[in-house]
Amino acid sequence: MRTILMMAATLALAACQQGPSPEQLAKEKAEKMKYEADIAAWRAERVERLKKPDGWLSLVGMHWLPSEGFTRVGSGADNGTRLAVGPARLGVLSTAAGNRVWLQPEAGVALTLDGQPLTGKAELTPDSRGTPSVVGFENGRASFVVIERGGKLALRVRDAEAETRVKFTGIDYFPIDTAFRFTATFTPHEAGRTIDIVNILGMVEPMMNPGTVSFTVGEVTHTLEAVDEGDGRLFLIFADRTSGKESYAAARFLYADPAGPDGTTVVDFNKAYNPPCAFNAYSTCPMPPPENRLDLAVTAGEKKARKI
């Protein structure tokens, strides 16, 4: 009996030393390849969005408007709001209390409003009140919308022939690493809670703050405050030990799905990406709150944007 037991123990030990079976190894390899393909596809879609004629790479200007009054708009030097692209005189913008704004087109200038010819005075919708009105010119090459930041209105101008777009050569990444894909615990805050977010211009804006996500690296638990931009997803604005070195100094962004019934969500830093202000000087990117400055080198996701 002793001999049989010793033989059984020896066989069991040998089985353990053999490691995973060929079937298990094949399964793990297939899962790894699928995950890497999914991340590669996500990256490709992200680049295509950036490269669109009206994507973030096409920004060429951001011009603050008076809270109440008038400003002439165009590329000519005699305009109160001088654009980098477009006709010498495009029209006159008027603003009023309640962040309302109208555009009176210059006679003889071909403009469109949300894709339709604009022939008379029209009120423009800023992004703070829904989908912003798009004023197009230069035969569709250029456009502007009205944005609201910190209670102030501004024009955000795009040009499909912007140098940042036509000379764009791609994005550099850290290697795909499943070690930076975490099952995170979501801890909700009380309903209606907000958190003050400072943007890159120094403006403070309260954003909905539904809760935190926490994940563990080794024996250390890291926690990020999430904000909700209105679609229910958890928007994570963070900085880490790579910020200002391998990655963009100000921040990187990441989205996570709402937590499931078990109170968890996936935080995948392989999908961490640079904000628009990494590519141009005409964005109003939010900065990480102090709680979201990780004492961790997140060597995953996008690296610093290439210089043009």
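Look above for the structure.
Residues numbered from 1 in each chain as written. Predicted model: local features only at pLDDT ≥ 70, side-chain atom pairs only at ≥ 80, totals over all residues. Heavy atoms only, no water.

1. Some thoughts on the layout of surface pockets
- Estimated volume of the second largest pocket: approximately 260 Å³.
- The wall of the second largest pocket is formed by 15 residues, among which Ala-278, Ala-305, Arg-306, Lys-307 and Ile-308 lie closest to the centre.
- Considering only residue class, the lining of the second largest pocket consists of eight nonpolar, three polar and four charged. (1 Å grid on protein atoms, 1.4 Å probe; cavity = no way out; pocket = protein on both sides within 12 Å on 5 of 7 lines; lining within 4 Å. Points joined across faces, edges and corners; volume = space filled by probe spheres on them. Nonpolar A, V, L, I, M, F, W, Y, C, P; charged D, E, K, R; others polar.)

2. Things to note about the nonpolar core
- In terms of nonpolar packing, the biggest core is built from 24 residues, with Leu-83, Leu-93, Leu-103, Leu-124, Phe-137, Phe-144 and Leu-155 touching the most fellow members.
- Within the residue set of this core, elements represented by two or more residues are strand 5 (100-105), strand 6 (111-113), strand 8 (122-124), strand 9 (135-137), strand 10 (142-149) and strand 11 (152-159).
- Each residue touching Leu-83, except ones within four places of it in the same chain, is listed here: His-63, Val-73, Gly-74, Ser-75, Leu-90, Phe-137, Phe-144, Leu-155 and Val-157.
- In terms of nonpolar packing, the next biggest core, distinct from the first, is built from 21 residues, Leu-50, Leu-57, Ile-171 and Ala-250 among them. (Core = buried A, V, L, I, M, F, W, Y, C linked by side-chain atoms within 4.5 Å. Buried < 20%, exposed > 50% of the residue type's maximum accessible area, 1.4 Å probe, protein only. Helix = DSSP H or I, 4+ residues; strand = E, 2+ residues; numbered from the N terminus. Contact = heavy atoms within 4.5 Å.)

3. Overview of the environment of Ser-128
- Within the fold, Ser-128 resides in the loop between strand 8 and strand 9.
- Distance in space between the C-alpha atoms of Ser-128 and Gly-151 is 9.5 Å, their sequence separation being 23 residues.
- In this structure the side chain of Ser-128 is engaged in a polar contact, spanning 2.4 Å, whose partner is the side chain of Glu-148. (Polar contact = N/O pair within 3.5 Å; in protein donor to acceptor, adjacent residues only side chain to side chain.)

4. Looking at the sheet that holds strand 8
- Ordered in space as 3-2-4-5-8, the five strands form an open sheet in which the pairing is mixed. At either end of the open sheet lies a strand with only one pairing partner, and these are strand 3 (81-82) and strand 8.
- Here strand 5 pairs with strand 8 via three bridges, running antiparallel. Its bridge partner lying in strand 8, Leu-103 is registered against Ala-122. (Pairing = 2+ DSSP bridges.)

5. What to know about unusual backbone geometry
- Even without a glycine there, the phi angle at Asp-114 is positive, about 55°.
- With respect to the element layout, Asp-114 can be found in the loop between strand 6 and strand 7 (116-118).
- Backbone geometry at Asn-139 places phi at a positive 55°, although glycine is not the residue there.
- Relative to the helices and strands, Asn-139 resides in the loop between strand 9 and strand 10.
- Judged by its relative accessible area of 85%, Asn-139 falls in the exposed class.

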